[in-house]
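Coordinates in review
Here is how the chains run, residue by residue.
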Amino acid sequence: MQTHFSLAQLADPDIAEANKILRACVHCGFCTATCPTYVLLGDERDSPRGRIYLIKDMLEQGRPATADVVTHIDRCLSCLSCMTTCPSGVHYMHLVDHARAHIENTFRRPLRERLVRGLLAAVLPYPERMRAALGLSRLARPFAGLFTAMGLKPLAAMLRLAPAPVAAAAAPEQRIHPAEGLRRGRVALLRGCANRVLGAGINAATIRLLNRLGIEVVTPEAEVCCGALVHHMGREQQSHAQAKANIDLWTAEIEGEGLDAIVINVSGCGTMVKDYGFMLRTDPAYAAKAARISALARDISEYLASLPAAASRQATGLTVAYHAACSLQHGQRITRQPKELLTRHGFIVKDIPEGHLCCGSAGIYNIVQSEIAQTLRDRKIANIAQLSPHVIAAGNIGCITQIASGTAIPVVHPVELIDWATGGPKPAGLSSGVQAMPVDGDLVKTSAAT
């Protein structure tokens, strides 16, 4: 793609990077076939190629974002399916991130949008605030229809997504979780902001499993949100501050007793942390430290696949519909490991039809773009139903919450199933009809999801 940035514009490293990305695009349109919003809406401006043209024009002219541009950029899920499809290697993620920051800095949203987005940025990245808000949501849930009528669809969507009941705050966690037997490694675990509230069982399963494999797990007390939630809202200052706080924590651990990896069991967070090096590349105080942290970041499935296999103590014969979170399959290009690990531990793993399409979660997307998100969720669930699974497995808490809001089939993290198969407790979401047998016995006949 031909671009026309001035030399003065190209002196800005963000514009220079945008120019590089834009010039890689060859207009082929392969991305349109795998873009969820284009598949649903059929509008070229709601495809990656269309958005690229809108971003190019906005940045080249150096002008504030218009309402029309904001509409189509806001509809982008950042699922990154287009990057998997693109034959030219266009790094759409960095381009749309830059566009969102430009929008945040140059466009004044309507008052209701500003209030909702400000509320989300002030609550969701902070576990205690999020837990309190979800507790209040149980009281406000009956008024979701009223919020919709008042034009506050995002608040109504948030109420409908909130699980009931919300898990109570856990007791303060110990900072060091020692390995069982001989210590074979030492890692830090990013517990995540939403994960600590909505998926505490995922963190517990991760720690148990790693300890069982001889890995010492460190959970720094002062850990904060990875920054992804606000980063995708264009709030660069807030996201960079959160990234730097975590970088300082993990660097202290590296320079102390050392770390073999930074293990992440929320794939959206993993994609973010692996991008810290790029995000802070122009910061003289953090560029090298950020690159070091990104190089150590590993998704839990990626890290487990690098270790000797844990011995399966029981088998279930459960059929698992594996939902490949976009941030995992497109953002991190991790596709084999979760399925291979589940299969190795006795589960029958099935791919979901149209598995490349997003479930509609996408950070805060299912709150601020609830109608499109619900359509994508229902399409995902219909595809899952074709498989008649006992359980759905997904490596991202956002996907787990989104899919679980529309189906009675249990939705759990793969690590919870692997932990169970290797001696841990049965995941809380599974029905009492699902049992397990010693691995040297016959596979149990399950009655779940029938």
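Described in the following lines is the structure provided in the data block. Because the structure is a prediction, the values reported are computed rather than measured.

Attention now moves to the packing of helix α13 (residues 200-212) against helix α25 (residues 414-421). Two elements in contact, α13 and α25, have axes whose closest approach is 9 Å; the angle formed by their N-to-C orientations is 45°. Between α13 and α25, the angle is such that the two are oblique. You can see that α13 and α25 cross each other, and the crossing is left-handed. Within the contact between the two elements, α13 uses Gly201, Ile202, Ala205, Thr206, Arg208, Leu209 and Arg212 and α25 uses Val415, Glu416, Ile418 and Asp419. By residue class, the composition of the contact of α13 with α25 is 5 nonpolar, 2 polar and 4 charged.

Counted by the stated rule, this structure contains 0 aromatic pairs. Against the face of Tyr126 rests Arg129, its NZ or CZ located 4.0 Å from the ring centre. Positioned above the aromatic ring of Phe278 is the side chain of Arg281, whose terminal nitrogen or guanidinium carbon lies 3.9 Å from the ring centre.

With 90 residues, the main nonpolar core has Leu210, Val273, Tyr276, Leu304 and Leu417 as its most contacted residues. Other than its neighbours up to four places away in sequence, Tyr276 contacts Cys226, Ala243, Asn246, Ile247, Trp250, Ala290, Ile293 and Ser294. Ile15, Ala65, Ile73 and Cys76 belong to the second-largest nonpolar core, a separate cluster that totals 29 residues.

On to the state of the cysteines. Two cysteines joined by a covalent bond between their sulfur atoms form a disulfide. Applying the stated criterion across every chain yields a total of 0 disulfides. Cysteine Cys76 shares no disulfide, and the gap to the nearest cysteine sulfur, in Cys79, comes to 6.8 Å. According to the relative accessible area criterion, Cys76 is buried, its value standing at 6%. In this model Cys399 remains outside any disulfide bridge; the closest cysteine sulfur is found in Cys359, 4.0 Å from its own. Relative accessible area serves as the criterion here: at 6%, Cys399 is assigned to the buried category.

Cut-offs used in this document
Residues numbered from 1 in each chain as written. Predicted model: local features only at pLDDT ≥ 70, side-chain atom pairs only at ≥ 80, totals over all residues. Heavy atoms only, no water. Axes fitted to C-alpha atoms, helices over the stretch in contact; angles between N-to-C directions. Helix = DSSP H or I, 4+ residues; strand = E, 2+ residues; numbered from the N terminus. Parallel < 35°, antiparallel > 145°, perpendicular 65-115°, else oblique. Left-handed = near helix turned anticlockwise from the far one by under 90°. Contact = heavy atoms within 4.5 Å. Nonpolar A, V, L, I, M, F, W, Y, C, P; charged D, E, K, R; others polar. Phe/Tyr/Trp six-rings, centres within 6.5 Å; stacked < 30°, edge-to-face > 60°. Lys NZ or Arg CZ within 6 Å of the ring centre and 35° of its normal. Core = buried A, V, L, I, M, F, W, Y, C linked by side-chain atoms within 4.5 Å. Buried < 20%, exposed > 50% of the residue type's maximum accessible area, 1.4 Å probe, protein only. Disulfide = S-S within 2.5 Å.

So, to be careful, I would describe these as geometric facts and stop short of saying anything about function.
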